[in-house]
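Close look at the chain arrangement
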Amino acid sequence: MIDEQLSEDERFMRQALTEARKAFEQGEVPVGAVVVWNGRIVGRGHNLVETLSDATAHAEMQAITAAASSVGGKYLAECKLYVTVEPCVMCAGACFWSQLGAVVYGASDPKRGAGRLSPSPFHPKTVVRGGVLQDECEELMTRFFARLRT
């Protein structure tokens, strides 16, 4: 059972990484996200902050909006969000208001990640877990910021 869960989490995190690579190619901070419901992706997103000149156009916000439209309601309690980097406070708030059932992230964000805040900004029923494909998620971010410095 644990192996099945890990492989499912890794499979969907790879889809989030695909979204993050789209952001990377567009010159956006490479964060990608997918929302899964009943074993299928119902929302996808990647950072579009620079493209849209919108500070709220984070990957999680894009994926949550798409999922709500796909599922047909604002509450996503039966859904799981996969995101390559730990959500910020704004995105944790969006997870709270949409009542996501779970949030799974890859790389921690020690500067802006919401996971260390107390009390937690996530909905009390939301299960939050990090570290899925962490090395791959971190490597993409490291490559992006190294490219900016050159």
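Identification of the protein chain as tRNA-specific adenosine deaminase from Alistipes ihumii AP11 is taken from an unreviewed UniProt entry. Heading Subunit (unreviewed entry) of the UniProt record for the protein chain holds this comment: "Homodimer." In its Catalytic activity (unreviewed entry) section, the UniProt entry covering the protein chain states "adenosine(34) in tRNA + H2O + H(+) = inosine(34) in tRNA + NH4(+)".

1. Let's talk about the UniProt feature "active site" (unreviewed entry) in the protein chain
If you check UniProt for "active site" (unreviewed entry), the listed places come out as Glu60 in our numbering. Checked against the element boundaries, Glu60 lands in helix α3 (residues 59-71). Once residues within four sequence positions are removed from consideration, Glu60 is found in contact with Val31, Ala33, Leu81, Val83, Val85, Pro87, Cys88 and Cys91.

2. Quick look at the sheet that holds strand β2 (residues 40-46)
Spatially, five strands are ordered β2-β1-β3-β4-β5 in an open sheet, and the strand pairing comes out mixed. The outermost strands of the open sheet, each flanked by one partner alone, are β2 and β5 (127-129). On average, each strand axis in the sheet is inclined to that of its neighbour by 15 degrees, with strand direction left out of account. Examined bridge by bridge, strand β4 (residues 102-107) and β5 share three bridges and lie parallel to one another.

3. Focus: unusual backbone geometry
Comment: phi is negative for the bulk of residues other than glycine, and the bulk of peptide bonds are trans. In this structure, Pro119 follows Ser118 across a cis peptide bond, with omega equal to 0 degrees. Position of Pro119 among the secondary structure elements: in the loop between β4 and β5. Positive phi is not limited to glycine here, since Gln99 has a value of about 55 degrees. Tracing the backbone shows Gln99 in the loop between α4 (89-98) and β4. For Gln99, a relative accessible area of 31% puts it in the partly exposed group.

Thresholds, definitions, all that
Residues numbered from 1 in each chain as written. Predicted model: local features only at pLDDT ≥ 70, side-chain atom pairs only at ≥ 80, totals over all residues. Heavy atoms only, no water. UniProt positions renumbered as here; feature names shortened; annotations may be inferred. Helix = DSSP H or I, 4+ residues; strand = E, 2+ residues; numbered from the N terminus. Contact = heavy atoms within 4.5 Å. Pairing = 2+ DSSP bridges. Axes fitted to C-alpha atoms, helices over the stretch in contact; angles between N-to-C directions. Buried < 20%, exposed > 50% of the residue type's maximum accessible area, 1.4 Å probe, protein only.

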